[in-house]
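# A closer look at the structure
Each chain, written out:
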Amino acid sequence: MKKTLATLLLSTALFSGVYTKQDRIKDMQVMAEAMTTIGTGFFYNNNDIVQNGALALSDAIRRVQPPLQELEEKDPMTRYMNNKIIFSNKIVKTIDKKAKIIIQRFATGDVQAATQAYTKIMKQCMKCHHEIRQW
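Presented here is an overview of the structure given in this document. (Residues numbered from 1 in each chain as written. Predicted model: local features only at pLDDT ≥ 70, side-chain atom pairs only at ≥ 80, totals over all residues. Heavy atoms only, no water.)

## Notes on helix H6 (residues 84-107)
Compared with the 34 Å implied by 1.5 Å per residue over 24 residues, the 34 Å span of H6 between its first and last C-alpha is a close match. In the stretch just after H6, Gly 109 is the one whose phi turns positive, near 95°. (Helix = DSSP H or I, 4+ residues; strand = E, 2+ residues; numbered from the N terminus. Expected span 1.5 Å × (residues − 1).)

## Notes on the nonpolar core
Counting 27 residues, the largest nonpolar core has Ile 38, Phe 42, Leu 57 and Ile 102 as the members making the most contacts within it. Secondary structure elements with two or more residues in this core: helix H2 (21-44), helix H3 (47-63), H6 and helix H7 (111-132). In terms of residues, this core owes the most to one element, H6, which gives 9 residues. Contact partners of Leu 57, with chain neighbours within four places excluded, come to Met 31, Ala 34, Met 35, Ile 38, Ile 95, Ala 99 and Ile 121. (Core = buried A, V, L, I, M, F, W, Y, C linked by side-chain atoms within 4.5 Å. Buried < 20%, exposed > 50% of the residue type's maximum accessible area, 1.4 Å probe, protein only. Contact = heavy atoms within 4.5 Å.)

## Examining the packing of aromatic side chains
Counted according to the given criterion, the structure contains 2 aromatic pairs. A ring pair is formed by Phe 42 and Phe 106, whose centres lie 5.4 Å apart and whose planes are at 40°; its orientation type is tilted. With Phe 42 in helix H2 and Phe 106 in helix H6, the pair connects residues that are 64 residues apart, well separated along the chain. Judged by centre distance (5.5 Å) and plane angle (75°), the rings of Phe 42 and Tyr 118 are edge-to-face. Here Phe 42 is found in helix H2, whereas its partner Tyr 118 is found in helix H7, with 76 residues between them in sequence. An identical accessibility class is assigned to Phe 42 and Tyr 118; each is buried. Taken together, the ring pairs in this structure connect Phe 42, Phe 106 and Tyr 118 into an aromatic cluster. (Phe/Tyr/Trp six-rings, centres within 6.5 Å; stacked < 30°, edge-to-face > 60°.)

This is the structure:
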């Protein structure tokens, strides 16, 4: 069973193609819309809107990959110094975790914890844009 699952995942990864700049732009737009949707759900106190936004954010962030030039870098020292792969993966995990916290906490009525998780997501977004895009 595990071999079949691993083969399926590997074949999907091989045929999915390269993650391009256009793919990244599209995913960033989806994430921006998702963050806006979550904020709208907070203002209207609507759990369905918050959940839809958080799920869209979580789905989009899982597709984001490090810059292609970083993946193609052959020199291990340069890869270590740039550290964008590890940095990107850490941010992806953090945002995905916080999106799940938003869903759980808002559904239970803990709006303050949900908005704190939202703020932490924004902090991660800005951290990535500052580090990778040199804002």
